[in-house]
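One letter stands for each residue in the lines below.
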Amino acid sequence: MDDPVHRLSGRTLLTAIFGDPVAHSLSPAMHNAAYAALAMDRAYVAFHVTPTGLREALRAIPALGIAGVNLTVPHKERAVRMMAQLTDEALLLRAVNCVINRNGELHGDNTDARGLEADLRDQHVSVAGKLAVIIGAGGAASAAVLAALRLDAARIVICNRTIARANRLARSFAQYLGTRGGGRSRQTIEARGLDTLVNVTTMSAAAIVINATPMGLKTGGFASLSYAAAPSECVFYDMIYAREPTPFLAPPLALGRRAIDGAGMLINQGVLAFELFNGVAPPAGVMRAALMSALGRE
Ligand code: NAP
């Protein structure tokens, strides 16, 4: 395959990701593979941007003519206040993961919920009429709540270390549900602590349990969770992706349960971001192959 780094020219247009840390990001591999496949004179690079440098880095986007930028941890929520315009979805999720340069104006969007929803559909995971348990109450958890609502989950239980934050998230979605369909939605959202993950009554009703925290990434271990209490068809979904099974997914895998990591979500949100930045649909199979190769899963 053509290597984009070796064909950079004076006309090459940039897209990028800002994060802290960012060196581990697999987004450059995915996006550059798509540019190479489409023979586009564009390149995607990673910038290590710290929280104190975020505002200046965003201001540089129009000055440098960068077409679009993905934001990752820890910038998604703070960037909301730094956009000229926000999509309804970014506003609802209170987080931006895509910044699009529209004639020098920064437009913020969020493709995480659509990326997760697309992956769950790709993997034929059905939560319609059932209970979705979501662990976490940050930007990723917010995206998971929206995806579960769009997939018609009847009941969503948000479990977070800090219950006040789970309560805030549940309240903001309760308001959203109230404005949809004239307030007649029968979908319910509850906020709980992490102790609910060992509550047999709740776990035995779960159709899906989604980890939307970095637990397991840095800490090594995961919160106590009654995997065995969940129905045999329950799906365990970790937004984290790694070469090895994550600490959240290793126990259900050992029990022979269905366990999915966040690689498919990353691909789907990346496909959507590519189209927003470049105005053309990317070859999704090429992006998938590049990611799988980077994860050693060819
Ligand atoms: P975030 O805002 O930093 O999320 C923090 C959440 O995690 C909070 O609910 C926090 O609880 C909880 N948490 C953090 N450390 C914890 C610990 N040691 N024990 C218990 N809870 C802990 O981050 P985010 O943007 O929502 O992202 C969360 C994860 O999803 C990240 O690992 C990210 O890489 C992943 N993600 C993946 C994709 C993908 O495409 N696959 C997309 C987006 C995000 P408190 O409220 O109590 O602090």
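See the structure printed just above.
Parameters and conventions
- Residues numbered from 1 in each chain as written.
- Predicted model: local features only at pLDDT ≥ 70, side-chain atom pairs only at ≥ 80, totals over all residues.
- Heavy atoms only, no water.
- Helix = DSSP H or I, 4+ residues; strand = E, 2+ residues; numbered from the N terminus.
- Rg over C-alpha atoms; globule rule 2.2 N^0.38 Å.
- Buried < 20%, exposed > 50% of the residue type's maximum accessible area, 1.4 Å probe, protein only.
- Contact = heavy atoms within 4.5 Å.
- Areas by Shrake-Rupley, 256 points an atom, 1.4 Å probe, with all protein chains shown as cover.
- Near = heavy atom within 4 Å.
- Polar contact = N/O pair within 3.5 Å; in protein donor to acceptor, adjacent residues only side chain to side chain.
- Nonpolar A, V, L, I, M, F, W, Y, C, P; charged D, E, K, R; others polar.
- Pairing = 2+ DSSP bridges.
- Axes fitted to C-alpha atoms, helices over the stretch in contact; angles between N-to-C directions.
- Left-handed = near helix turned anticlockwise from the far one by under 90°.
- Core = buried A, V, L, I, M, F, W, Y, C linked by side-chain atoms within 4.5 Å.

Chemist: Sorry if this is basic, but what is going on with the overall build of the chain here?
Modeler: Helix and strand content of the chain: 10 helices and 12 strands. The globule rule puts the C-alpha radius of gyration for 298 residues at 19 Å, and the 19 Å found for the chain is close to it. Seen through its principal axes, the chain has C-alpha atoms that stretch 60 × 45 × 35 Å. Sorting the 298 residues of the chain into buried and exposed places 52% on the buried side. For the chain, the proportion of contacts with a sequence separation of at least 24, taken over those separated by at least 6, is 72%. By element, 53% of the accessible surface of the chain is carried by carbon and sulfur atoms, the whole surface being about 13400 Å².

Chemist: What's the story with the site of the ligand in this structure? I'm lost.
Modeler: The environment of the ligand is formed by 23 residues, the closest being Ala 137, Ala 140, Asn 160, Thr 162 and Met 239. In this structure, Ala 140 approaches the ligand through a main-chain N or O atom, which is 2.8 Å from an oxygen atom. Here an oxygen atom of the ligand sits 2.6 Å away from a polar atom, N or O, in the side chain of Asn 160. Contact with the protein chains removes 81% of the 940 Å² of surface that the ligand exposes when unbound. Elements represented by at least two residues in the shell around the ligand include exactly α5 (139-150) and α9 (263-278). The residue makeup of the shell around the ligand, split by class, is 10 nonpolar, eight polar and five charged.

Chemist: In this structure, what is going on with the pairing of strand β10 (residues 206-211)? I would like to understand it.
Modeler: Across a regular strand the side chains alternate sides, sitting on one face of the sheet and then on the other. Burial analysis of β10 places six of its six residues in the buried class, the great majority of the element. Examined bridge by bridge, strand β7 (residues 131-135) and β10 share five bridges and lie parallel to one another. Considered in β10, the bridge of Leu 131 is made with Ala 206. As paired strands, β10 and strand β11 (residues 235-238) are joined by four bridges and run parallel to one another. Of the residues in β11, the one forming a bridge with Ile 208 is Val 235.

Chemist: Explain the sheet that holds strand β3 (residues 68-71) to me, please; I cannot follow it from the model alone.
Modeler: The strands making up a sheet are joined through hydrogen bonds of the backbone, oriented either antiparallel or parallel. Taken in spatial order, the six strands make up an open sheet running β2-β1-β3-β5-β6-β4, and their pairing is mixed. With partners counted over all chains shown, the strands left at the sheet margins are β2 (42-48) and β4 (85-86), one partner each. Note that β4 and strand β6 (residues 105-109) share two bridges and pair parallel. Looking at the pairing, Gln 85 lines up with His 107 of β6. Contacts from α9 reach β1 (13-19), β2, β3, β5 (98-102) and β6, with the element oriented near 10° to β5.

Chemist: What exactly am I supposed to notice about the packing of α5 against helix α6 (residues 163-179) here?
Modeler: Between two packed helices, the angle of one axis relative to the other and the distance separating the axes together describe the packing. Running from N to C, α5 and α6 point in directions that differ by 35°, and their axes come no closer than 11 Å. As α5 packs across α6, the resulting crossing turns out to be right-handed. The residues of α6 that touch α5, namely those facing Ala 141, Ser 142, Val 145, Leu 146 and Leu 149, are Leu 169, Phe 173, Tyr 176 and Leu 177. Per-class residue counts for the contact of α5 with α6 are eight nonpolar, one polar and no charged.

Chemist: Explain the nonpolar core to me, please; I cannot follow it from the model alone.
Modeler: Within soluble globular proteins, side chains that are nonpolar tend to cluster in buried spots. Core analysis: the largest hydrophobic core is formed by 37 residues, its most contacted members being Ile 156 and Phe 173. Within the residue set of this core, elements represented by two or more residues are α3 (88-93), α4 (112-122), β7, α5, β8 (155-159), α6, β10 and β11. Ranked by residue count, the leading element in this core is α5, at eight residues. In contact with Ile 156, not counting residues within four places along its chain, are Leu 131, Ala 132, Ile 134, Val 145, Ala 148, Leu 149, Thr 188, Ile 189 and Glu 190. Core analysis: the second largest hydrophobic core is formed by 21 residues, Met 40, Ile 100, Leu 266 and Leu 295 among them.

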